[in-house]
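Architecture at a glance
So the chains spell out like this:
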Amino acid sequence: MEGLFSPIDSLPSDCVSHMISLASPRDACMFALASTGFRSVMDTDNTWQLFLPTDIDSILSQAVSPVLFSSKKDLLVKLCNQHVLIDGGNMSFGLDKSSGKKCYMLSPYRRQNWTYLLQTSRTLTGGGSLRQIAGSLM
C-alpha cells in the first residue's frame, strides 16, 4: 500500500489538525489509521492540545499531587483513564473517554454544600443530598 496518495496528504497540517479537533479523541485515532496525512498530524502536541480543555493548566495547578506527562496525548490518556484529585482532595477531575468532555466529582464530605441523610437500610448506611453549590466549581 506504500506509495498511495490521498488528497488529505496535500492539505496544510493546521487544516488537518482543525478537522481532527472537530471529532472526538476516539474518532481522531481512527482517522489516523485511515490516512498518513492524519497520522502525521496526530503525532503533534498541537493537535492533542485541541482535545484538552482550554483551562487545563488552571485545573492541574489545583492538583493535590503533580500530574506528570510526557506529551499532550499522554496527558489526555491519563485524564481519561484516571481522575486527578483537586481542591485539597474535595473534588476530582477527569475527561470522558468517548467525548473528551470535563468530568468533575465532588466529595460528599464538603459540609458546607451537603446535608447528610442517615438511612436505616442494611446496604446503605449514609447518603447525602446536594443543597447548593457555593461558588463556582471551575
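What counts as what
Residues numbered from 1 in each chain as written. Predicted model: local features only at pLDDT ≥ 70, side-chain atom pairs only at ≥ 80, totals over all residues. Heavy atoms only, no water. Core = buried A, V, L, I, M, F, W, Y, C linked by side-chain atoms within 4.5 Å. Buried < 20%, exposed > 50% of the residue type's maximum accessible area, 1.4 Å probe, protein only. Helix = DSSP H or I, 4+ residues; strand = E, 2+ residues; numbered from the N terminus. Contact = heavy atoms within 4.5 Å. Arc of directions from axis to C-beta. Pairing = 2+ DSSP bridges. Patch = residues over 30% accessible without salt bridge, like charges linked within 9 Å, V, L, I, M, F, W, Y side chains within 5 Å. Areas by Shrake-Rupley, 256 points an atom, 1.4 Å probe, with all protein chains shown as cover. Salt bridge = Lys/Arg side-chain N within 4 Å of Asp/Glu carboxyl O. Phe/Tyr/Trp six-rings, centres within 6.5 Å; stacked < 30°, edge-to-face > 60°.

As recorded in an unreviewed UniProt entry, the protein goes by the name F-box domain-containing protein, listed as coming from Rhynchospora breviuscula.

What about the nonpolar core?
The biggest cluster of nonpolar side chains holds 24 residues, and the ones touching the most others in it are Ile20, Leu76, Leu79, Phe93 and Leu95. The element best represented in this core is helix α6 (residues 72–81), accounting for four residues. Look past the residues within four positions of Leu76 in its chain and what remains in contact with it is Pro25, Trp48, Phe51, Leu52 and Leu95.

Thoughts on helix α1 (residues 13–21)
Here α1 has its buried residues at Val16, Ser17 and Ile20. All buried residues of α1 lie within an arc of 100° about the axis, which places them on one face of the element. At its buried positions, α1 is contacted by α2 (25–34), α3 (36–42) and α4 (45–49).

Some words on the pairing of strand β3 (residues 102–106)
With five bridges connecting them, strand β2 (residues 91–95) and β3 associate as antiparallel partners. Considered in β3, the bridge of Phe93 is made with Tyr104. Joining the antiparallel neighbours β2 and β3 is a turn of six residues, in which Gly100 adopts a positive phi near 80°.

Notes on a nonpolar patch on the surface
A contiguous nonpolar patch, built from Met30, Phe31 and Leu33 and spanning about 330 Å² of accessible area, is present on the exposed surface. Residue Phe31 is classed as partly exposed on the basis of its relative accessible area, which comes to 32%.

Brief notes about the packing of aromatic side chains
Going through the model one piece at a time under the given rule, you end up with three aromatic pairs. Relative to Phe51, the ring of Trp48 lies with its centre 5.6 Å away and its plane at 50°, an arrangement referred to as tilted. Across this residue pair, the class does not change: Trp48 and Phe51 are buried.

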